[in-house]
Amino acid sequence: MGGALSASPGSRRGGPGGGSAPGWRARSPPPAAAAKGLKRPSLQLLPALPWKRLVAPGKKKAAAHAAPAEVAHLNRRNARQSLPGGRGAGGGPPLGPRNAAPPPAPPAPAPPAAAAPPCSPRRVVVQASTGELLKCLGAFLCRRCYRLKQLPSGAAAAWLRGVDRSLLLQGWQEQAFVSPANVVFVYLLCREAIDGDRVGGEHELRAALLTCLYLAYSYMGHEISYPLKPFLVEGDKDAFWSRCLRIIGATSAQMLRINADPHYFTQVFADLKSEGDGGHRQDFPRVLDR
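The structure displayed is predicted, hence computed values, not measured ones.

### Some thoughts on the overall build of the chain
- Each helix and strand counted, the chain has 10 helices and 0 strands in total.
- With 290 residues in all, the chain has 26% of them scored as buried.
- Here the contacts in the chain between residues at least 6 apart in sequence split such that 69% fall between residues at least 24 apart.
- Total accessible area on the chain stands at roughly 20300 Å², and carbon and sulfur atoms take up 58% of it.

Rendered as structure tokens:
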């Protein structure tokens, strides 16, 4: 009865409601609107794209740049493993002009040989009792005073012990003075002060020996002073003091040294001990003259 209206697909999309109406005519949009219409779908599709698709091209480029560096690293590691030293994969940096091993240091000069310590004098250990040393002193006086042919060897020991006992009984000293060290000191004075060529009698020898004993008491004794009477043999005190001054002038240096130098004391001790075995060679002619 009536004819059906038909519209083309283009005219159907062109309606404002998405439908078709008779008499409407599809119009082409202006150029600016057409351009905006073309760009808008692409902006709306960007958020819908997955993240992997956006970054995948960047990763491929980075991998393309990193591949040569990794190959070079593998080459260097293989070169290190092939060295004679046999460095492992985790070894140090590759050897090169900068990392080459330093040349061996020259050997250090040998230290100079240590100087040998100075040889200390040999220590001489001598031991003797007071009685033994008094016998040695008596033997020395018998050889030194060769003109006294009837002099007993024990006379010197009796004279010394007599004075020591007298001072103890009188209260001038609290302990005996005659000891090994003091007998050595008396021997030192007698060796320098008594001249056998001038001693003509036993009385003179006793006076000289007791003068040496008095000086030993004054120098080595424990008391401040001692009485003079036990040491006097003759009645003339001037002769006694003259002998004291003469002995002090001759033996002052030895008296100081024997207390300051232990080696010197040991030497004098050994000399006195040897007097009991025959004495020194210089006294042999005097013994033969007896």
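### Details of helix α4 (residues 130–144)
- In this model, α4 (15 residues) spans 21 Å end to end at C-alpha, consistent with the 21 Å of a helix rising 1.5 Å per residue.
- Counting buried positions along α4 gives 12 out of 15 residues, so the element sits mostly inside the fold.
- Within the sequence span of α4, burial applies to T130, L133, L134, C136, L137, G138, A139, F140, L141, C142, R143 and R144.

### Quick word on the confidence of the model for the chain
- Here the chain shows a mean pLDDT of 73. Residues at 70 or above account for 55%.
- Overall, residues 51–56 carries pLDDT values under 50, and its contacts beyond four positions in sequence, including any with other chains, amount to 0 contacts.
- Note on residues 86–92: pLDDT is under 50 here. Beyond four places in sequence and across chains, it has 11 contacts.

### Description of the pattern of salt bridges
- Under the definition given, this model contains 5 salt bridges.
- Its salt-bridge partner being E275, residue R143 comes within 2.6 Å of it at the nearest N-O pair. Taken together, the positions of R143 in helix α4 and E275 in helix α9 (residues 262–275) put the pair 132 residues apart, joining distant regions of the chain.
- Judged by relative accessible area, which is 12%, R143 ranks as buried.
- Across the pair R191 and D271 runs a salt bridge, and its minimum N-O distance is 3.2 Å. One end of the pair, R191, is in helix α6 (residues 180–193); the other, D271, is in helix α9, with 80 residues separating them in the sequence. Comparing R191 with D271, the two get one shared label, buried.

### A look at the environment of R243
- With respect to the helices and strands, R243 occurs in helix α8 (residues 237–260).
- Relative accessible area serves as the criterion here: at 15%, R243 is assigned to the buried category.
- When the C-alpha atoms of R243 and T211 are compared, they prove to be 7.2 Å apart, with 32 residues separating the residues in sequence.

### Considering the packing of aromatic side chains
- Applying the stated rule across the entire model yields 10 aromatic pairs.
- With a centroid separation of 5.2 Å and an interplanar angle of 80 degrees, the aromatic rings of F140 and Y187 are classed as edge-to-face. Residue F140 is found in helix α4, and its partner Y187 is found in helix α6; the two are separated by 47 residues along the sequence.
- On the accessibility criterion, Y187 (0% relative accessible area) is buried.
- Here the aromatic cluster, defined as three or more aromatic residues joined through ring pairs, consists of F177, Y214, Y217, Y226, F231, F240 and W241.

### Quick notes on the side chain of E234
- Mapped onto the elements of the fold, E234 is located in the loop between α7 (202–220) and α8.
- A distance of 2.6 Å separates the side chain of E234 from the side chain of R243, its partner in a polar contact.
- If we ignore the near neighbours within four places in the chain, the residues touching E234 are H203, A207, A239, F240 and R243.

### Side note on the packing of helix α5 (residues 155–170) against α7
- It is at 10 Å that the axes of α5 and α7 come closest, and there the two elements cross at 45 degrees. On the basis of the axis angle, α5 is oblique to α7. In this structure, α5 crosses over α7, and the sense of that crossing is right-handed. Along its contact with α5, which presents A156, W159, L160, V163, D164 and L167, the element α7 presents E202, L205, R206, L209, L210, L213 and Y217.
- Taken together, the residues of the contact of α5 with α7 break down into 10 nonpolar, no polar and 3 charged.

Rules behind the numbers
In this convention, every chain numbers its residues from 1, walking through the sequence in written order. Confidence filtering applies because this is a predicted model: local features only for residues at pLDDT of at least 70, side-chain atom pairs given and counted only at 80 or more, and all residues used for totals across whole chains, interfaces and linings. Hydrogens and water are ignored here; the side-chain numbers use all heavy atoms of the structure. Secondary structure is summarised from DSSP: a helix means a run of H or I of at least four residues, a strand means a run of E of at least two, and numbering begins at the N terminus for each. Buried means the residue's accessible area, taken with a 1.4 Å probe over protein chains only, is under 20% of the maximum for its type, while exposed means over 50%, and partly exposed covers the values in between. Throughout, a residue-residue contact means that at least one pair of heavy atoms, one from each residue, lies within 4.5 Å. In this description, accessible areas are obtained by the Shrake-Rupley approach with a 1.4 Å probe, and a residue is regarded as covered only by the protein chains that are shown. To estimate how far a helix should reach, multiply one less than its number of residues by 1.5 Å. A score from 0 to 100, pLDDT tells how confident the predictor is in each residue. One speaks of a salt bridge when a side-chain nitrogen belonging to Lys or Arg is within 4 Å of a carboxyl oxygen belonging to Asp or Glu. Only centres within 6.5 Å qualify two rings of Phe, Tyr or Trp (six-membered ring in Trp) as a pair; their planes then separate them into stacked at under 30 degrees, edge-to-face at over 60, and tilted for everything else. In the analysis that follows, any N or O atom pair within 3.5 Å is treated as a polar contact, provided that within protein one partner can donate a hydrogen and the other can accept it, and provided that, for residues neighboring in sequence, both atoms belong to side chains. For every element, the axis is a line fit to its C-alpha atoms; helices are fit only across the contacting stretch, and the angle between N-to-C directions ranges from 0 to 180 degrees. Roughly parallel here means an angle under 35 degrees, roughly antiparallel means over 145, roughly perpendicular means 65 to 115, and every remaining angle is called oblique. Should the near helix be turned anticlockwise from the far one by less than a right angle, the crossing is termed left-handed; should it be turned clockwise, right-handed. Any residue that is not Ala, Val, Leu, Ile, Met, Phe, Trp, Tyr, Cys, Pro, Asp, Glu, Lys or Arg is counted as polar, Gly included; the first ten are nonpolar and the last four charged.

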